[in-house]
Amino acid sequence: MKLAKRVSALTPSTTLAITAKAKELKAAGHDVIGLGAGEPDFNTPQHIIDAAVRSMNEGHTKYTPSGGLAELKNSIAEKFKRDQNIEYKPSQLIVCTGAKHALYTLFQVILDEGDEVIIPTPYWVSYPEQVKLAGGQPVYVEGLEENHFKISPEQLKKAITEKTKAIVINSPSNPTGVMYTEEELAALGEVCLDHDILIVSDEIYEKLTYGGKKHVSIAQLSDRLKEQTIVINGVSKSHSMTGWRIGYAAGAEEIIKAMTNLASHSTSNPTSIAQYGAIAAYNGPSEPMEEMRKAFEHRLNTIYDQLVEIPGFSCVKPEGAFYLFPNAKKAAQTCGFKDVDEFVKALLEEEKVAIVPGSGFGSPDNVRLSYATSLDLLEKAVQRIKRFVEKHS
């Protein structure tokens, strides 16, 4: 059977390909260290698990409204008021089956064939694919490494055409871990307001910030920017609930209503049990999440210093998320590989360390390492990478 063109044009996930190869080697008995994970290595806090179990015992196992439980929407609205001092009405919120589903649904309702979405590079792998699935066209703007992978207002202006519909801003970023400052967001926001461009602000890593840095949402900077922005967030990273699949979008009622209508014909509703867990996540104690954040920060500060000692590696120090995104081009060249992708493949085969090539994120000179694993394994992995480089140099 001939498949639809929309899926035939999709680019396979580089992250999943590396993970699959690592699992294959591990199943064959090899001592593989996988640094491709995009999820915390902590279990979901107990009070959230207890709330989900309680909801099942109380019979909350049926359909819910397509846009999510009213109680959860209230908890999300309170979170926005508490953390960003932004007020959203329930009609401005939709709960989805993960933040990825929120993004997918958003692009489906705002894009027509040929509409352009500006995506700064490096980018999370699913942004361009979701835009293409909605009939849109990704337009890439390079976040230069010397500018900490962030784009400038001037770059944004040059990329705008009459077909530009939206821009995606991901801060803190996957894969780089860098964050835009309030001033930088305000400058980009002015350009978007001037050209009537929708801002898609992916804030899924907002709670994982380091070095005293605080996350800033572009939607909190002014009423006009709030009206121009769709905020995407969820509990996956902040509360170690990746498998629960609860994310949400906040923004203009017209867009949220369209997303809710579409969701009613795709997922019907987010899982009821997971929604009750998410209510507990936002209404419960924050100490377990802060302990996780501190553990990530300790790993970052420890492993970063060791990573930059590897010959041919250089790295912008992350301010959030749980990824390192070093430039490995010089190391790959010194080791005699034609590119970083070949370097990554050989590293997995010889030293059994799985990292993700930056080509999948639109940055072929870099690699992504997740520090969402134990410090012991991280240090072993860096030792193996260093040994691999020195052996081939």
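Notes on the structure follow.

Cut-offs applied
Residues numbered from 1 in each chain as written. Predicted model: local features only at pLDDT ≥ 70, side-chain atom pairs only at ≥ 80, totals over all residues. Heavy atoms only, no water. Salt bridge = Lys/Arg side-chain N within 4 Å of Asp/Glu carboxyl O. Helix = DSSP H or I, 4+ residues; strand = E, 2+ residues; numbered from the N terminus. Buried < 20%, exposed > 50% of the residue type's maximum accessible area, 1.4 Å probe, protein only. Phe/Tyr/Trp six-rings, centres within 6.5 Å; stacked < 30°, edge-to-face > 60°. Lys NZ or Arg CZ within 6 Å of the ring centre and 35° of its normal. Pairing = 2+ DSSP bridges. Axes fitted to C-alpha atoms, helices over the stretch in contact; angles between N-to-C directions. Contact = heavy atoms within 4.5 Å. Polar contact = N/O pair within 3.5 Å; in protein donor to acceptor, adjacent residues only side chain to side chain.

## Digging into the pattern of salt bridges
By the definition in use, this model includes 18 salt bridges. Of the charged contacts, one joins Glu87 and Lys81 as a salt bridge, the two residues approaching to 3.1 Å between their closest N and O atoms. The salt bridge involving Asp376 is made with Lys380; its shortest N-O contact spans 3.5 Å. Of the two residues, Asp376 and Lys380 both sit in helix H15 (residues 375-392), four residues apart, roughly one turn of that helix. Overall, the relative accessible area of 44% leaves Asp376 in the partly exposed class. Judged by its relative accessible area of 38%, Lys380 is partly exposed. Overlapping salt bridges bring together Lys79, Arg82, Asp83, Glu206 and Lys207 as one network.

## Observations regarding the packing of aromatic side chains
Under the definition given, this model contains 17 aromatic pairs. Between the aromatic rings of Phe296 and Tyr371, the centroid separation amounts to 6.3 Å while the plane-to-plane angle is 75 degrees, which identifies the pairing as edge-to-face. With Phe296 in helix H12 (residues 287-307) and Tyr371 in the loop between strand S12 (367-370) and H15, this residue pair connects regions lying 75 residues apart in the sequence. Put simply, the rings of Phe42, Tyr205, Phe296, Phe322, Tyr323 and Tyr371 touch in pairs and so form one group of aromatic residues. Sitting over the ring of Tyr180, Lys150 keeps its end group 5.9 Å from the ring centre.

## Let's talk about the pairing of strand S8 (residues 247-250)
Regular strands have side chains that alternate between both faces of the sheet. Here S8 shows a buried face lined by Gly247 and Ala249 and a second buried face lined by Tyr248 and Ala250. Sheet analysis places strand S2 (residues 93-96) next to S8, joined by four bridges and oriented antiparallel. Bridging from a neighbouring strand, Cys96 pairs with Gly247 of S8. Pairing analysis gives four bridges linking strand S7 (residues 229-234) to S8, with the strands arranged antiparallel. When the bridges of S8 are listed, Asn233 appears paired with Tyr248.

## Section: the sheet that holds strand S4 (residues 137-142)
Judged by pairing direction, the sheet is mixed, and its seven strands sit side by side in the order S2-S8-S7-S6-S5-S3-S4 without closing on themselves. Whereas interior strands pair on both sides, the edge strands pair on one side only; in this sheet they are S2 and S4. Across this sheet, the average inter-strand angle for adjacent strands is 20 degrees, counted without regard to direction. Sheet analysis places strand S6 (residues 198-202) next to S7, joined by four bridges and oriented parallel. The partner of Asp202 across the bridge, within S7, is Ile232. Across the sheet, helix H10 (residues 253-264) is in contact with S2, S6, S7 and S8; its angle to S2 comes to roughly 30 degrees.

## Describing the side chain of Thr229
Residue placement: Thr229 occurs in strand S7. Of the polar contacts made by the side chain of Thr229, one reaches the backbone oxygen of Leu225; its length is 2.6 Å. When sequence neighbours within four positions are dropped, the list of residues in contact with Thr229 reads Ile199, Ser201, Ile218, Ala219, Ala250 and Gly251.

## Some details on the sheet that holds strand S11 (residues 356-357)
Strand order in the open sheet made by the three strands is S9-S12-S11, with antiparallel pairing throughout. On the outer flanks of this sheet lie strand S9 (323-324) and S11, each paired with one strand and no other.

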